[in-house]
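What follows is the residue order along each chain.
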Amino acid sequence: MDSARFTLDPAFTVGEVSPRLFGSFVEHLGRCVYTGVFEPDHPTADAAGLRGDVLDLVRELGVTTIRYPGGNFVSGYRWEDSVGPVADRPRRLDLAWRSTETNRFGLSEYLAFLKRIGPQAEPMMAVNLGTRGVAEALELQEYANHPSGTALSDLRAAHGDKEPFGIKLWCLGNEMDGPWQTGHKTAEEYGRLAAETARAMRQMDPSVELVACGSSAQSMDTFAEWEATVLTHTYDLVDHISLHAYYEPHDGDVDSFLASAVDMESFIENVAATCDHVGAKLKSKKKIDLSFDEWNVWYMSRADAQVSALDWPEAPRLLEDSYSVTDAVVLGSLLIALLRHADRVKVACLAQLVNVIAPIMTEPGGPAWRQTTFFPFAQASRHGRGEVLDVRVDSPTYETRKYGEADLLHATAVRAEDGTVTVFAVNRGRSESLPLEVALSGLDLTRVVEHTALSDEDPEARNTLDAPDRVTPHEVRGTALTDGRLSATLEPLSWNVIRLA
Ligand code: AHR
């Protein structure tokens, strides 16, 4: 096998990694909240009902911004049901997931959850622009953020939260382009509503950061036209536009699945181009950033049947995908795609955090464990902070049905403030190791601190309740740095983290 190669030079950079790139998502869906993050009867639960074992794993995962409360759920969300004395909170039908929402966990509990994670955790709150509009968004904003002296801020204090929540980052609805969305709208209808809501929210507080809904997938028929129309209405009023993408193998086509990041990168580039097109038309100097606020591997084709079979249960087992080594390698590659576009993608949320297509799984009353996908995310969050270096790979290729010829190597590198560099690399080849040669130019690096890989003889291996530690990253020996040249061997179908100092 020929080597894959690239050069690292600090003179050629992409941009600074926003801490918000390592965000996640907690939706009222299945068991993400109930028996996921919140289970008052659990042996590790604190006084607020938050599971201590889950909190430990969330911290280890290195999650920053956490989007809430949905997702499709938010398009029927009544924020006032989720505040105040728990005994008085109503039970409601959740149309999105054919479930019953008890509202035992609400706004205050969400903020308490973030506080327990630590200062790195930041709220990202969505307002309902499906069944609701400007007035309710303003009420929620006043309840959450106004210090005191008004009906809703005083109500928050009376509910026990004297200090305002200080939510800075707000999503203006969710996936409003999708016909499945309660209150689905055309681009014109949504663009107008988003603009009116944004203008009003800024009247209350000009410092809020707002995310307009982009497309729920690049494959949507309305893609790009949707973004252009929405931004024509909202360009001066919002800071970000959202992107959502989920990947799974279709018809057993694993080779294309392994190249999913080809689609993710083109999606990012196409949305950035659309934003800039609108900016150019408006003669604006402002740049709209991208919020990739839902992304993951998701075996979505199984989901519809699961949801339509539900008869309004509380917290059903829903979308509890179990992730293999192959899935983790794809997820690692999606992380690489986000990092490679760190100049433009300023927020990204792995959807979701616990139990629902999640890196963390729990058993009610039982343990919590790490899925295979936990590891690439935790390692990227830990070592992917700093400046992304421009990586142009020269790689052997392989043929895919969906994307044609694709590089076997997918890689990026991040230089931390202290000058150390971490290379993140995926070998998409399923049967052969891939030799890697990296030329280091203008970098004062002399040693390999560590090379770890996530790979396995069985690409279907996964972590389960009975075998929670079956798959973990392992050390790779033989990686060398001599005379400004790094050489390594990437095992077949592997996610690699190579740290240089
Ligand atoms: O994350 C699961 C669902 O996927 C979200 O509720 C929705 O926004 C998307 O379609």
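The preceding data block contains the structure.
In this text, all values refer to a predicted model and were calculated from it rather than measured experimentally.

**Quick look at the packing of helix H3 (residues 134-145) against helix H5 (residues 187-204)**
Relative to each other, H3 and H5 sit at 30 degrees, their axes nearing to 9 Å. Compared by their axis directions, H3 and H5 come out roughly parallel. Of the two elements, H3 crosses H5, and the hand of that crossing is right-handed. Seen from H3, the contacting residues are Val134, Ala137, Leu138, Gln141 and Glu142; seen from H5, they are Leu193, Glu196, Thr197, Ala200, Met201 and Met204. Looking at the contact of H3 with H5 residue by residue, the class counts come to 7 nonpolar, 2 polar and 2 charged.

**Quick word on the site of the ligand**
Around the ligand sit Phe25, Glu27, Gly71, Asn72, Trp97, Asn174, Glu175, Tyr246, Glu294, Trp298, Gln352 and Ile357, and that is every residue in its neighbourhood. Measuring from an oxygen atom of the ligand, one finds a side-chain N or O atom of Glu294 at 2.7 Å. In this structure, the ligand is accommodated by the largest pocket. A breakdown of the residues in the shell around the ligand according to their chemical character gives 5 nonpolar, 4 polar and 3 charged.

**Description of the sheet that holds strand E22 (residues 474-475)**
Read across the open sheet, the 7 strands follow the order E2-E15-E18-E19-E25-E21-E22; overall the sheet is antiparallel. Edge positions in the open sheet fall to strand E2 (13-16) and E22, since each of these has one partner strand only. Across 7 bridges, the pairing between strand E19 (residues 421-427) and strand E25 (residues 494-500) is antiparallel. Its bridge partner lying in E25, Thr422 is registered against Arg499. Sheet contacts for helix H11 (residues 374-383): strand E18 (409-415), E19, strand E21 (448-454) and E25; angle to E25, the most-contacted strand, approximately 20 degrees.

**Overview of the side chain of Ser381**
Relative to the elements of secondary structure, Ser381 occurs in helix H11. According to the relative accessible area criterion, Ser381 is buried, its value standing at 4%. Within the structure, Ser381 has its side chain in polar contact with the backbone oxygen of Gly62 (distance 2.7 Å). Discounting residues that sit within four places of it in the chain, Ser381 has contacts with Phe22, Leu61 and Gly62.

**Overview of empty space enclosed by the protein**
Enumeration according to the criterion identifies 3 cavities of 30 Å³ or more in this entry. Taken together, His28, Leu29, Gly30, Tyr34, Asp94, Ser99, Thr100, Glu101 and Ala315 make up the lining of the largest cavity. By residue number, the principal contributor to the lining of the largest cavity is strand E6 (residues 99-101), which donates 3 residues. In this model, the second largest cavity occupies a volume close to 50 Å³. Lining the second largest cavity are Tyr77, Trp79, Val127, Asn128, Arg132, Glu136, Ala137 and Leu140. Here the element with the most residues in the lining of the second largest cavity is H3; it accounts for 3 residues. Of the residues that constitute the lining of the second largest cavity, the class distribution is 5 nonpolar, 1 polar and 2 charged.

**Topic: the nonpolar core**
Judged by nonpolar contacts, the single largest core of 165 residues is most densely connected at Leu8, Phe113, Phe292 and Trp295. Here the element with the most residues in this core is helix H10 (residues 325-340); it accounts for 11 residues. Residue contributions to this core reach at least three from each of two domains, namely domain 1 (4-10 + 390-500) and domain 2 (18-383). Beyond its immediate sequence surroundings of up to four residues, Phe292 is in contact with Leu243, His244, Ala245, Met264, Phe267, Ile268, Leu338, Val345, Val347, Ala348 and Cys349.

The rules we used
- Residues numbered from 1 in each chain as written.
- Predicted model: local features only at pLDDT ≥ 70, side-chain atom pairs only at ≥ 80, totals over all residues.
- Heavy atoms only, no water.
- Axes fitted to C-alpha atoms, helices over the stretch in contact; angles between N-to-C directions.
- Helix = DSSP H or I, 4+ residues; strand = E, 2+ residues; numbered from the N terminus.
- Parallel < 35°, antiparallel > 145°, perpendicular 65-115°, else oblique.
- Left-handed = near helix turned anticlockwise from the far one by under 90°.
- Contact = heavy atoms within 4.5 Å.
- Nonpolar A, V, L, I, M, F, W, Y, C, P; charged D, E, K, R; others polar.
- Near = heavy atom within 4 Å.
- Polar contact = N/O pair within 3.5 Å; in protein donor to acceptor, adjacent residues only side chain to side chain.
- 1 Å grid on protein atoms, 1.4 Å probe; cavity = no way out; pocket = protein on both sides within 12 Å on 5 of 7 lines; lining within 4 Å.
- Sits in = over half its atoms within 2 Å of the grid points.
- Pairing = 2+ DSSP bridges.
- Buried < 20%, exposed > 50% of the residue type's maximum accessible area, 1.4 Å probe, protein only.
- Points joined across faces, edges and corners; volume = space filled by probe spheres on them.
- Core = buried A, V, L, I, M, F, W, Y, C linked by side-chain atoms within 4.5 Å.
- Domains from an automatic or database assignment.

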